[in-house]
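Each chain, written out:
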Amino acid sequence: PVKASQRIAANMAVLETVVIAFWAMLPAYVPNNAAVLGGGGRPIDGGRTLGDARLLGDGKTWRGTAAGITAGLVLAGVLTVFADDVSSVLGFAVPAFEPLAALGLAAGAMLGDVLASFLKRRTGRQRGAMFPGLDQLDFVVVSLPLTALLATEWFFTWFTWDVILVVVVLTPILHVTTNMIAYKLGLKNEPW
Ligand code: CTP
Ligand code: K
Ligand code: MG
């Protein structure tokens, strides 16, 4: 039979993985929300079309993209300043962000969002239409490989397989929750 102490240790290990996954992904999570707040103005595609549809659409703007990347980088900087103190309080290490890791996470998130809009337009979806699955994971699919490319050692130190698994499960839940809140607050036009 498994001893209570072993069960507690296993639960603590899971909690640790969830905290590390959330902390490590924050610079990729915040750009989407910052883009909603800072968006507007000139669309990235400049109104260009491909076939019958817009290349990207009016929902992808230069200002929103810049706001998103900036917010991700700033947050990574703030988390890095507090990483040591938070690690000592928690009793396990959370990551400080190398500049290239921060860039990979923040810029990768925005690039994933832009590529998703490209796919949405190619599949006949209007601006704002939902694309279940893609809406929730587009930024993960691009930000993780880009970070692995730009900051390889850092990436494989923190994004172990268990952390990646938690990210894939946790991200859609957080995405649905934050977008619902943004919608209720009147910040977003659709709840997805
Ligand atoms: N936004 C922006 N620039 C970005 C991403 C988002 O300006 N790179 C702003 C836009 O005002 C956009 C809003 O945030 O309408 C919501 O983002 P999102 O849901 O990603 O865009 P959609 O309007 O749904 O457009 P699409 O169908 O292309 O995803
Ligand atoms: K999106
Ligand atoms: Mg949308």
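See the structure shown above.
Since this is a predicted model, take the numbers as computed values, not measurements.

(A) Focus on helix 2 (residues 62-90). Across its 29 residues, helix 2 extends 39 Å between first and last C-alpha, which sits within 8% of the 42 Å expected from 1.5 Å per residue. Where helix 2 bends most, at Ala-83, the angle is about 50°. Along helix 2, the residues classified as buried are Gly-64, Thr-65, Gly-68, Gly-72, Ala-76, Leu-79, Ala-83 and Ser-87. Tucked into the core, helix 2 has its buried residues touching helix 1 (4-38) and helix 3 (99-122). Following helix 2 by one or two positions, Gly-91 adopts a phi angle in the positive range, close to 85°.

(B) Examining the layout of surface pockets more closely. One number sums up the size of the largest pocket: a volume of about 1,000 Å³. Asn-32, Val-36, Lys-60, Asp-113 and Lys-188 are the residues nearest the centre of the largest pocket, which is lined by 45 residues in total. Looking at the lining of the largest pocket, the elements with two or more residues in it are helix 1, helix 2, helix 3, helix 4 (134-150) and helix 6 (161-184). Of all the elements, helix 1 adds the most residues to the lining of the largest pocket, at nine residues.

Reading the values: the criteria
Residues numbered from 1 in each chain as written. Chains lettered and ligands numbered in written order. Predicted model: local features only at pLDDT ≥ 70, side-chain atom pairs only at ≥ 80, totals over all residues. Heavy atoms only, no water. Helix = DSSP H or I, 4+ residues; strand = E, 2+ residues; numbered from the N terminus. Expected span 1.5 Å × (residues − 1). Bend = angle between axes of the 7 residues up to and from the residue. Buried < 20%, exposed > 50% of the residue type's maximum accessible area, 1.4 Å probe, protein only. Contact = heavy atoms within 4.5 Å. 1 Å grid on protein atoms, 1.4 Å probe; cavity = no way out; pocket = protein on both sides within 12 Å on 5 of 7 lines; lining within 4 Å. Points joined across faces, edges and corners; volume = space filled by probe spheres on them.

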